[in-house]
Amino acid sequence: MNNTSINKIFSILSEKAKYKFVYIFFLLIISMLLETLGIGLALPIISMFSDYENISNNIYALTIINALGIKNQSELLFTLLFTIIIFYSLKVVILSFIQWQQAKFTFQIQEEISERLFTKYINYDYLEFNKINTSIMLKNIIKESQVFAVQFIMPFISLLAESLVLLGIISVLLYIEPIGALVCFLVISIAALIFYSLTKKNIGLAGKSRTLHDSRRIQVSNEAFGVFKHIKLNSLQNFFNQKYIIHNKGTAEDDAKLTLLTQLPRLLLEWSAILAICIFLSILLYREIPSSLFIPYLGVFGLAAYRIMPSINRILIALNLIKYTDFVVKNLHEILINNISVKKVIKKDTEEIKFNNEIIIKDLKFYYDINETIILKDINFTINKGSKIGLKGKSGSGKSTLVDLMLGIIKPISGDILLDGKSINNLGTSWSKLIGYVPQNIYLIDGSIKSNIALGIKEENIDYFALDKAIKDSSLHEFIDSLPDGIDTNVGEIGSKISGGQIQRIGIARAILKDPDIIFLDEAT
């Protein structure tokens, strides 16, 4: 991980998350001190218990006796045992709390990133939004936010935590037996570095491949469910099955590679640990360490190895996971930080306006970015208040595009649309409050008829008199009266439980509920 990657991580995090990270780092230092103290206490304790008969001559025992005024050997040993129990009990409680804070921080990051992505996407300019495949947006909001938190932020914290613990323990071992500690550390570190160097490229490629396959899985699923009727009519199940299987298998293979490469370090480290201990024992024998220190040194280094081996293993796993999700970090950074040119559709009200006289379409010109083929050119006409206007033309002639321009969700290349002399593009939501819209394809949420008509309005804020009027004006009342649950009847996903005609009437009722001055109907029948 280089400085650029670290900068990207912290640029993605909000200010609140950055402050919380500093708090987590402070907790990690406490964790390191506890782990280091646990190892440091081992030498005097093992030293005293290994030479029980001569404990009164032990330098550590004499220090404790003089400091606490202990009178006899038994009292000293019971004091030591009691101290060990208290220390490790407190250590368990404090480390459990630190683990809980780390977990909370990780999933708060997931929550925040997912929310920011969702907010970013729904505030995209209409044309920008339509350029992005919905499967990619869904993957980023749901999957990649989770991957970033669980497979990047959590390993990153683990990397810091275990590195601090490793630093603390190695410092203690260097103080006790410098040469032996240094040799052991070098043997294990070299083995770990060799493994990481050999695997990091494959891990990075697997992570990038997994991201691609996940996008394709969601895309194929969306496409299949969207044309389900067509699939049934034309027996296309196998066609979509094969497309899904390819990418589903790709994701499984990439995750399997990650799992394998995160399990292998443990086996390699076990071998290197045995080698390091053998070398350490050889050094002790060569230096002719006194027998009274041989067992304590071996005990401390054995206890340290018991704690260091999982640390190095977790460090390698963390590095592999970070490499695996490197593409996710770049992707999120591009969306949340680099992509700053996106214009928001939602604007604040500029003023309260009314439709008094006319709408003038003046010299409109428009084309899409795809090939810059002009869709509309030199469009001029006037709509007087109270009139009914129909747009006629062949398919692809720009009727729906003209409606979108008049709705204000896209802007013309040149020309303008004027409401009583004021450009609708400068009116913000004041313009949208004046209009109702019934699209070609009406989208219903998986909810009640009431919640679909009053879309975006909290139930306690619904004007039931206006709702009843909208239902009657859209000729929905007879249908609703025939239902056991009335307006609380669930329509199913995209209206799957009701007919196409009733779906259109719900769309009309939705537009009427606003009591708009102007209603746009796109290919309404």
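Residues numbered from 1 in each chain as written. Predicted model: local features only at pLDDT ≥ 70, side-chain atom pairs only at ≥ 80, totals over all residues. Heavy atoms only, no water.

Peer 1: Tell me about the nonpolar core, and please be specific about residues and values.
Peer 2: The biggest cluster of nonpolar side chains holds 69 residues, and the ones touching the most others in it are Ile-109, Ile-113, Leu-117, Phe-148, Ile-153, Leu-173 and Ile-308. Taken together, the elements giving at least two residues each to this core come down to helix H1 (3–12), helix H2 (15–50), helix H4 (73–122), helix H6 (134–176), helix H7 (178–226), helix H9 (237–286), helix H10 (291–324) and helix H11 (326–338). Here the element with the most residues in this core is H6; it accounts for 19 residues. Setting aside its immediate chain neighbours within four residues, Leu-117 contacts Asn-140, Ile-141, Leu-332, Ile-335 and Leu-336. Core analysis: the next-biggest nonpolar cluster, separate from the first, contains 23 residues, Ile-359, Leu-364, Leu-376 and Leu-434 among them. (Core = buried A, V, L, I, M, F, W, Y, C linked by side-chain atoms within 4.5 Å. Buried < 20%, exposed > 50% of the residue type's maximum accessible area, 1.4 Å probe, protein only. Helix = DSSP H or I, 4+ residues; strand = E, 2+ residues; numbered from the N terminus. Contact = heavy atoms within 4.5 Å.)

Peer 1: Tell me what's going on with the pattern of salt bridges, and back it up with residues and numbers.
Peer 2: Counting across every chain of the model gives 14 salt bridges. One salt bridge in this structure joins Glu-128 and Lys-131, with 3.5 Å as the shortest N-O distance. Note that Glu-128 and Lys-131 are positioned in helix H5 (residues 126–131) at a spacing of 3 residues, about one turn of the helix. Of the charged contacts in the structure, one is a salt bridge between Arg-217 and Asp-214, with a shortest N-O distance of 2.8 Å. Here Arg-217 pairs with Asp-214, and both are found in helix H7, just 3 residues apart, close to one helical turn. With relative accessibility at 22%, the residue Arg-217 sits in the partly exposed group. The class of Asp-214 is buried, set by a relative accessible area of 3%. Residues joined by salt bridges that share partners form a network here, namely Lys-139, Glu-144, Arg-210, Asp-214 and Arg-217. (Salt bridge = Lys/Arg side-chain N within 4 Å of Asp/Glu carboxyl O.)

Peer 1: Just give me the short version of the layout of surface pockets, but keep the residues and values in it.
Peer 2: Empty space within the second largest pocket amounts to approximately 750 Å³. Together, 24 residues line the second largest pocket, and Lys-388, Ile-389, Ile-519, Phe-520 and Leu-521 are the ones closest to its centre. Of all the elements in the fold, those that place two or more residues in the lining of the second largest pocket are strand E2 (374–384), helix H12 (399–407) and strand E6 (518–521). Broken down by element, the residue count for the lining of the second largest pocket peaks at 4 residues, all from E6. The residue inventory of the lining of the second largest pocket, partitioned by class, reads 14 nonpolar, 4 polar and 6 charged. (1 Å grid on protein atoms, 1.4 Å probe; cavity = no way out; pocket = protein on both sides within 12 Å on 5 of 7 lines; lining within 4 Å. Points joined across faces, edges and corners; volume = space filled by probe spheres on them. Nonpolar A, V, L, I, M, F, W, Y, C, P; charged D, E, K, R; others polar.)

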